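Listed below are the residues making up each chain.
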Amino acid sequence: MKALSPLDCALLNQVQKGFPLEERPFAVIAQHLGMSENAVLERLQQLDAEGVISRFGAVFEPNTVGASTLAALAVPPEHIRETAELVNAVPGVNHNYLREHEFNLWFVITGRNREELTGSLADIERKTGYPMLDLPMEQAYHIDLGFPL
Amino acid sequence: MLDCALQPETDGELRRLIVLALQEGLPVSRYPYRDLAYDLDIGEDTLMRHIQAMLDDGAIRRIGVVPNHYALGYSHNLMVVWDIDDDQVTRIGTELGELDFVSHCYRRPRRDGWPYNLFVMVHGRSQDEVQQKIAVLRQRVGDAYRDHTALKSTRILKKTGLRLRRED
């Protein structure tokens, strides 16, 4: 586990939300923190190299650009491996977790629209033959403002 | 005569390419938007205008750095699913979603053999901490409670969308 210095915490909290849409956003961040733009860039690149940062980009609201759902399959334990491979090979599958439950294979799948998504799900159901849950988000109650450190 | 306004279809296609690029990631560089615009072969102004429009209409929740929870010691997470009275699920969901240890809180449909309508993702630094947090959730749910179960993840079989653009 990586212990963060107070300055690293301040920096990571600052860059998680309200990121400036300006030509030189890190210069704006640097000003808030009383650091130089170079120092901010260097520190972030270092944290990235250390694996503390998983990504820098945009977080999209589900289903505003294309369609997505959370799906689960009830797979007999001895068939997990080949089923996971089959599911992972389907275009649009971007997370796949094994969980302790009768429905044990949980994955997020996206498509350009609901029709494409329904087609991919039907494909998975047909190829695997296992019971499947299709659980599209109906309402989000959490406003994702980052993870306070 | 030249029509300088982008046609809707062209604009939609460009929007899609921008979305894909923003999901892939921005570089940690002095001019991240300019660098990305260059990769997309569009002007920096055009890129920033599209991003602003998506921030305004809510398609983009936020732009920024996504920390790696695992590397920071928040290695224990549980997907806790609840069967909550339909009349109260909005109130309960809103309340649980505001807790700082909850990273996702969604209403989803019930299915045959699947009675759970509220999904809550809980993060913690230890198994005990996560269990304590579930107890807090249970208390908050109060009388609206019908059932719940926690689905521990035992293995990550695929995780993308958490890619770094810089390969160096």
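Residues numbered from 1 in each chain as written. Chains lettered and ligands numbered in written order. Predicted model: local features only at pLDDT ≥ 70, side-chain atom pairs only at ≥ 80, totals over all residues. Heavy atoms only, no water.

## Here we look at the domain arrangement of chain B
Frequently, the measure chosen for interface size is the accessible area that the parts lose on association. Assigned domains of chain B: these are domain 1 (4–57) and domain 2 (76–152). Here the C-alpha centre of domain 2 of chain B lies 36 Å away from the C-alpha centre of domain 1 of chain B. (Domains from an automatic or database assignment.)

## Overview of the domain arrangement of chain A
Per the domain assignment, the segments of chain A are domain 1 (6–49) and domain 2 (67–135). Computed from C-alpha coordinates alone, the two centres of domain 1 of chain A and domain 2 of chain A are separated by 38 Å.

## Topic: the interface of chain A and chain B
Contacts between chain A and chain B engage 68 residues on the former and 72 residues on the latter. Both faces combined, the contact of chain A with chain B buries some 7100 Å², and carbon together with sulfur accounts for 59% of it. Its largest share of buried area at the contact with chain B, chain A owes to Leu21, Arg55 and Tyr141 of chain A, together 12% of the area lost on that side. Here chain A and chain B share four salt bridges between them. One salt bridge in this structure joins arginine 30 of chain B and glutamate 37 of chain A, with 2.8 Å as the shortest N-O distance. Taken together, the connections running from chain A to chain B amount to 27 residue pairs in polar contact (both at pLDDT 80 or more). Of the residues forming the side of chain A that touches chain B, the biggest block, eight residues, is contributed by strand β1 (residues 53–60) of chain A. (Contact = heavy atoms within 4.5 Å. Buried area = accessible area lost by both parts, 1.4 Å probe. Salt bridge = Lys/Arg side-chain N within 4 Å of Asp/Glu carboxyl O. Polar contact = N/O pair within 3.5 Å; in protein donor to acceptor, adjacent residues only side chain to side chain. Helix = DSSP H or I, 4+ residues; strand = E, 2+ residues; numbered from the N terminus.)

## As for the packing of helix α1 (residues 6–16) of chain A against helix α3 (residues 37–49) of chain A
Residue and element names in this part refer to chain A. Remark: α1 packs on α3, axes separated minimally by 11 Å, with the N-to-C direction vectors making an angle of 95 degrees. Comparing their axes, α3 and α1 come out roughly perpendicular. Residue-level contacts link Asp8, Leu11, Leu12 and Val15 of α1 to Val40, Arg43, Leu44 and Leu47 of α3. Here the residues of the contact of α1 with α3 sort into six nonpolar, no polar and two charged. (Axes fitted to C-alpha atoms, helices over the stretch in contact; angles between N-to-C directions. Parallel < 35°, antiparallel > 145°, perpendicular 65-115°, else oblique. Nonpolar A, V, L, I, M, F, W, Y, C, P; charged D, E, K, R; others polar.)

## Some points on the side chain of serine 153 of chain B
Examined against the element boundaries, serine 153 of chain B turns out to sit in strand β5 (residues 145–159). The contact partners of serine 153 of chain B, leaving out residues within four places of it in the chain, are Tyr97, Leu98 and Arg99 of chain A.

## As for the pattern of salt bridges
Residues and elements named next belong to chain B. Counted under the stated rule, the structure contains 20 salt bridges over all chains. With a shortest N-O distance of 2.9 Å, aspartate 86 and arginine 110 are connected by a salt bridge. Of the two residues, aspartate 86 sits in the loop between β2 (76–84) and α4 (89–97) while arginine 110 sits in the loop between β3 (102–107) and β4 (118–124), which places them 24 residues apart along the sequence. The class of aspartate 86 is partly exposed, set by a relative accessible area of 39%. For arginine 110, a relative accessible area of 27% translates into the label partly exposed. (Buried < 20%, exposed > 50% of the residue type's maximum accessible area, 1.4 Å probe, protein only.)

## Considerations on the nonpolar core
Leu44 of chain A together with Leu22 and Tyr33 of chain B are the most contacted members of the largest nonpolar core, which totals 38 residues. Of all the secondary-structure elements, those providing two or more residues to this core are α1, α2 (25–33), α3 and β1 of chain A together with α1 (8–24), α2 (32–40), α3 (44–56) and β1 (60–67) of chain B. No other element matches α1 of chain B, which puts five residues into this core. Ignoring sequence-local partners within four residues, the contact set of leucine 44 of chain A consists of Leu11, Leu12, Val15, Phe26 and Ile53 of chain A together with Val28 of chain B. In this structure, Leu96, Cys105, Val122 and Ala144 of chain B belong to the second largest nonpolar core, which totals 20 residues. (Core = buried A, V, L, I, M, F, W, Y, C linked by side-chain atoms within 4.5 Å.)

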